[in-house]
Amino acid sequence: MKNALIIRLFLLSITVLFAISCSQTNQRSNSQSDDFWNGREQLMLFDFEEENLTSEIKNVDTKMDLVSGLGVTNGKNALKLAFKGDEKNPGIEITPKTPIDASQFENFCLVLDATNITEVYSIQLHVIVVNGEGKSLRRSAVIPVGQTKNLFFELAGKYLDTDTGLRDEPHPWNTESLKMIIRGLKQPVDYSTITAIHIKVSHPIADKEIILDNIRLVESPEKDDNYLVNIIDKYGQSAKNSFEGKISSDEQLKNLAEEELNTLAKEGRMSGRSRFGGWAEGPQLEATGFFRTEKINGKWAMVDPDGYLFFSHGIANVRMANTTTFTGVDFKNDTVRYRDPEDVTPEDSRGMVALSDEVTSTAYIAYPERNKMFEGLPAYDDPLANNYSYRREQHIGPFAHGETYSHYQANLERRYGEPTPNAHRKKWEDVTLDRFLNWGFTSFGNWAAYEFYHKNRMPYFANGWIIGNFKTVRSGFDYWGPMPDVFDPEFERRARVTVNVIAEEVKGNPWCIGVFVDNEKSWGNPGTINGQYGIVLHALNLKANESPIKNEFIRRLKNKYASIKDLNEAWETNIESWTLLAEGVNYINKESFSDKMVEDLSDMLEAYATKYFQVVHDALEEVLPNHLYLGCRFASWGMSEEVRNAAIKYVDIFSYNYYEEAIGTKYWKFLEDIDRPSIIGEFHMGTLASGLFNPGVVYSSDHEDRARMYKKYMETVIDNPYFVGAHWFQYIDSPTSGRAHDGENYNVGFVRITDVPYQSMVKTAKEINSGMYQRRFGNIQ
């Protein structure tokens, strides 16, 4: 009897404990992802159950608090972070007193729970893990408003270090836990020892709050051997995932096309616009016959050729050049790899390359793992085989060269038919223009296809690249390649060759607003002396008899300093002679610099940038004097005060590619100093709800959140008195299997790989554009 009572009490206690456990689990998360990690080897790093915040956590522009009772944690406490808006990188840096030993794991993940308690904004969380050698990787995920998500960051495992031609792969397991997406490039990092974990957000437009808990290491499940086999269907979509808008038949594509074409024909173009897209209902200023700039009531503006106020809101990269993806096939016939030494078009900007029977008859599978990703690629005698092309190189990725395929162009043929050769291309051009005018856009962005230049329906920007066999110099952060030696006479010759080609394409057309030359050049990364003045420091390490830039810098230094002794006193160095300086001095990773040396580095960097902009400006002025020069679209990681000071002497409109939530205040304070019209050359937001494996640079939680973020970004641009436009990058989603240039497989399009528009983006674009001129210029008479 006594034993029976004990057993009953024991069973009752187990039932109560189980109920409590279930209650805590249900309160903790709506992602239902914790069960996935249960039963696997784990190492808890931080569960925040201590009464006080550990001294191992440093906060940066972020308030930290231990909280309890919010229903998001297994235990008593969790860590609440309040990120300060308009700061660069608010967050926390966790540096354990003793490095974390993860050697017990073979394939493993960093796992954490995160709850977004911000009322309006989703939160893109960045996690950086640093190993014992100081190397690190960064991953990101987005947490929707009011939701708890379980996040994981693979630190060791199959495919992590293998470049498959995808910027990131699909989710590896069947779980609702969110895979944190690669930011940057793949690289091997040994995480058997972990010295730091950074958790942050980037340039938040407003204050945001999040709750973190249960930061831990967990042994990963096995990955299916066929994980990356047949992941791309015949339409170029993710074959193994279901998502809103997925195409399942050619008939579906045709029906959607017919429905859209009927809508475009019925609605026509947005009203209230001049023939060039300017504000027809606003004041009419001086008409010069070409686009120009003018400051009106304290706001910079463009003025269209007929004198109407103009704001450039458009979409960039409306062309076929970036729609192809590597198939894993190559050819033994070398003729397909021929290069003209006088060519001015980089590989990334080339159009489709027709493949002859002589070439395709030598086909072989060069990259089997890559080739296995695709199902339904057409045979060479199939009608859709005309969408094969070729790349002679890849900027970033595992492929030396090889065959490519454009699923997007194949889908255009399926949508619109092909009664005559290339009929789908002509239809695409007309539909694209009808869309842009109906959606209310006022121009293309950069990289519009040449076929649009003389349609005279949509203003555009011409573009070119200065490429060739001139000498170069490194900056230390040469993402797109080394910088040109602008003092090499061959650079100036090639600049004129490029600009002459642009002029021949434009032919003085007033529908051309202006010209971009080059893109996202590595001018230097402010924040450290070595980063900001990398070009100069690398140039000083070159031999003067082999480097025009080194010769120029020595000339400038000799003009300033009477002797090498005077230079050494100013720089606090011990260079023995001008001759030894000419041979090369290595200060690339110098730990400290005197004020006088920094002053000279600054002077030389500005001289270098001044020469660059002067060469391009003078070439354009000679053959395109009526068109605006919009610079080279500065990247946020490659721009300094010296370069801006140089550009201000020559560019008509400053251009920037800025991938953040929106335009804040602190970062853009410099606009007041330069006081020049400016334009955003690239920005975007993307979501995994699109079916792509990577959202892009800036993440949104779903299609509606993406549209909301797009609208907020544009509102901050329109409201800024210095900006005269902004261009979304880009028109078409990246190939799901990665664009041939560098593997980017981003949800960046206004239209899918199937050419079907994202309706939430179209609706929001119409909302923005219908009120854009009134919002910007409504009080101007």
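Let me sum up the structure you'll find in this document.

Reading guide: rules and limits
Residues numbered from 1 in each chain as written. Predicted model: local features only at pLDDT ≥ 70, side-chain atom pairs only at ≥ 80, totals over all residues. Heavy atoms only, no water. Pairing = 2+ DSSP bridges. Helix = DSSP H or I, 4+ residues; strand = E, 2+ residues; numbered from the N terminus. Contact = heavy atoms within 4.5 Å. Axes fitted to C-alpha atoms, helices over the stretch in contact; angles between N-to-C directions. Buried < 20%, exposed > 50% of the residue type's maximum accessible area, 1.4 Å probe, protein only. Right-handed = clockwise from strand over helix to strand, strands pointing away.

1. Structural notes on the sheet that holds strand S17 (residues 309-310)
Consideration 1: Strand order in the open sheet formed by three strands is S15-S16-S17, and the pairing between neighbours is antiparallel. The open sheet has two edge strands, strand S15 (292-296) and S17, and neither has a second partner.
Consideration 2: Of the pairings in the sheet, the one linking strand S16 (residues 299-303) to S17 comprises two bridges and is antiparallel in character. In the strand pairing of S17, Val303 is matched with Leu309.
Consideration 3: Sitting on the sheet, helix H18 (residues 759-777) is in contact with S16 and S17, with an inclination near 135 degrees to S16.

2. Points about the environment of Arg494
Consideration 1: Tracing the chain through its elements places Arg494 in helix H8 (residues 489-506).
Consideration 2: Of the residues examined, Arg494 reaches a relative accessible area of 1% and is grouped as buried.
Consideration 3: Placed 101 residues apart in sequence, Arg494 and Asp595 show a C-alpha to C-alpha distance of 37 Å.
Consideration 4: When sequence neighbours within four positions are dropped, the list of residues in contact with Arg494 reads Pro341, Glu342, Asp343, Val344, Ile466, Ile467, Gly468 and Phe470.

3. What about the environment of Gly85?
Consideration 1: Note on placement: Gly85 falls in the loop between strand S4 (78-83) and strand S5 (91-94).
Consideration 2: Separated by 24 residues in sequence, Gly85 and Asp61 have C-alpha atoms that sit 8.7 Å apart.
Consideration 3: Those residues in contact with Gly85, other than ones at most four positions away along the chain, are Pro204, Ala206 and Asp207.

4. Here's the deal with the pairing of strand S32 (residues 678-682)
Consideration 1: Burial within S32 is extensive, with five of its five residues counted as buried.
Consideration 2: Relative to S32, strand S31 (residues 654-657) runs parallel, the two sharing four bridges. Along S32, the bridge assignment pairs Tyr656 with Ile680.
Consideration 3: Bridge analysis of S32 against strand S33 (residues 723-729) gives two bridges, and the strand direction is parallel. Each bridged residue has a counterpart across the sheet, and for Ser678 the counterpart in S33 is Phe723.
Consideration 4: In terms of handedness, the path from S32 via helix H17 (residues 703-718) over to S33 forms a crossover that is right-handed.

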